Structure formats: structure tokens, C-alpha cells
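# Descriptive structure summary
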Amino acid sequence: MDWTHHRFRSLWRLPAPPDVVYAALERVEDYPRWWPQVREVTRLDEHTGIIRVRSVLPYDLTFTSREVRRDPAARVLEAALTGDVDGWSRWTVTPHGTGSLARYDQEVRVRKPLLRRLAVPGRPFFRANHRLMMRAGRRRLAARLEAV
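A brief look at the structure comes next. (Residues numbered from 1 in each chain as written. Predicted model: local features only at pLDDT ≥ 70, side-chain atom pairs only at ≥ 80, totals over all residues. Heavy atoms only, no water.)

### A look at the pattern of salt bridges
Filter applied, for reference: Each reported salt bridge corresponds to a side-chain nitrogen of Lys or Arg within 4 Å of a carboxyl oxygen of Asp or Glu. Helix and strand assignments follow DSSP, with helices taken as H or I runs no shorter than four residues and strands as E runs no shorter than two, numbered in order from the N terminus. Exposure classes here rest on a 1.4 Å probe applied to the protein chains alone. A residue is buried below 20% of its type maximum, exposed above 50%, and partly exposed in between.
A complete count under the given rule lists 17 salt bridges for this structure. Across the pair Arg109 and Asp2 runs a salt bridge, and its minimum N-O distance is 2.7 Å. Within this pair, whereas Arg109 is found in strand 7 (residues 99–110), its partner Asp2 is found in the segment before strand 1 (5–14), the two being separated by 107 residues in sequence. On the basis of relative accessibility, which here comes to 32%, the residue Arg109 falls in the partly exposed class. Because the salt bridges share partners, they merge into one network encompassing Glu40, Arg52, Arg54 and Asp60.

Shown next as C-alpha cells:
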């Protein structure tokens, strides 16, 4: 087993129509305004940016995110990730009751040397760290959407 390989899935039930949620998620440069663990987004061009994240554990992850799919009709956003993590991420937004369901899928390999050295003993902590980051993102986006 490659202990540096991670697959994540998060489901966010949100109190807004799918098109509104999709619009919020496609504005990656706004993430630091509502998602505390997304510390910085630096746009390089229309399709690429550098993102720095930090959750509970005392380390930052910095990676380049390059858009590979933006499909407003299907409400899908997909990006290739390179840097401290290499892989991909995808948002898929669908109707759910009176609101939306935003599904986040991610598959990455950790490249940051310290995290590679700690891959086996740190794996449960890294996964918990990711869950906490995603939980905070969902809560803050839900609050932002309700305020609009």
C-alpha cells in the first residue's frame, strides 16, 4: 500500500439552489473569504492558481490548481493539482430537497517531504485534519449562502 496516496469524498448539504452553490464554488479566489483553512489563493491566469491551505495540524500545503473542467450545465468543476500534493479534485453540485448537494472528490499523493516521512504514523491524523477542514468549509459556505 502506498501510504502517501489519499482518496477523499465529502458531501455538503447546502441551503441554496445548485446554480448558486456552483457559482460560489467556481470562484476559487473567494475561498479565503469564507473558508478559514484556505489561507491564500493567488491567480496565475484564468485557469490556474496557487493555493495555500492549513487546517488544525501545524503545516501548510501549497499546490498549483489548474482547471481541467468547468461545466456549468452539469455543475462540475475539476482541477489538476501539483505541488505538495499531486492529483485531482472535483466538485459536483446537484439538487437536494430545497437546496443542493455539493460532492467533493479528491485523489492525491503527498509530495511534501515531511508528510511523506510521517505517512504511516500520521495517516489517521492527516485524514482527520482533512475532515475538519471540509467540515469548516461546509459550515462557512452554508452560513454565507444563507446570508445572501
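### Overview of the layout of surface pockets
Gaps left between atoms show up when a probe the size of a water molecule is rolled over them. Inclusion rule: Lining residues are defined by having an atom within 4 Å of a point belonging to a cavity or pocket. Those points lie on a 1 Å grid over the protein atoms alone, cavities being sets where a 1.4 Å probe fits but cannot get out and pockets being open sets with protein on both sides within 12 Å along at least five of seven lines. Grid points are joined across faces, edges and corners, and a volume is the space filled by probe spheres set on the points. Note on residue categories: nonpolar means Ala, Val, Leu, Ile, Met, Phe, Trp, Tyr, Cys or Pro, charged means Asp, Glu, Lys or Arg, and polar means any other residue, Gly included.
Estimated volume of the largest pocket: approximately 210 Å³. Mapped by element, the contributors of at least two residues to the lining of the largest pocket are strand 1 and helix 4 (119–147). Within the lining of the largest pocket, the residues separate by chemical class into four nonpolar, two polar and six charged.

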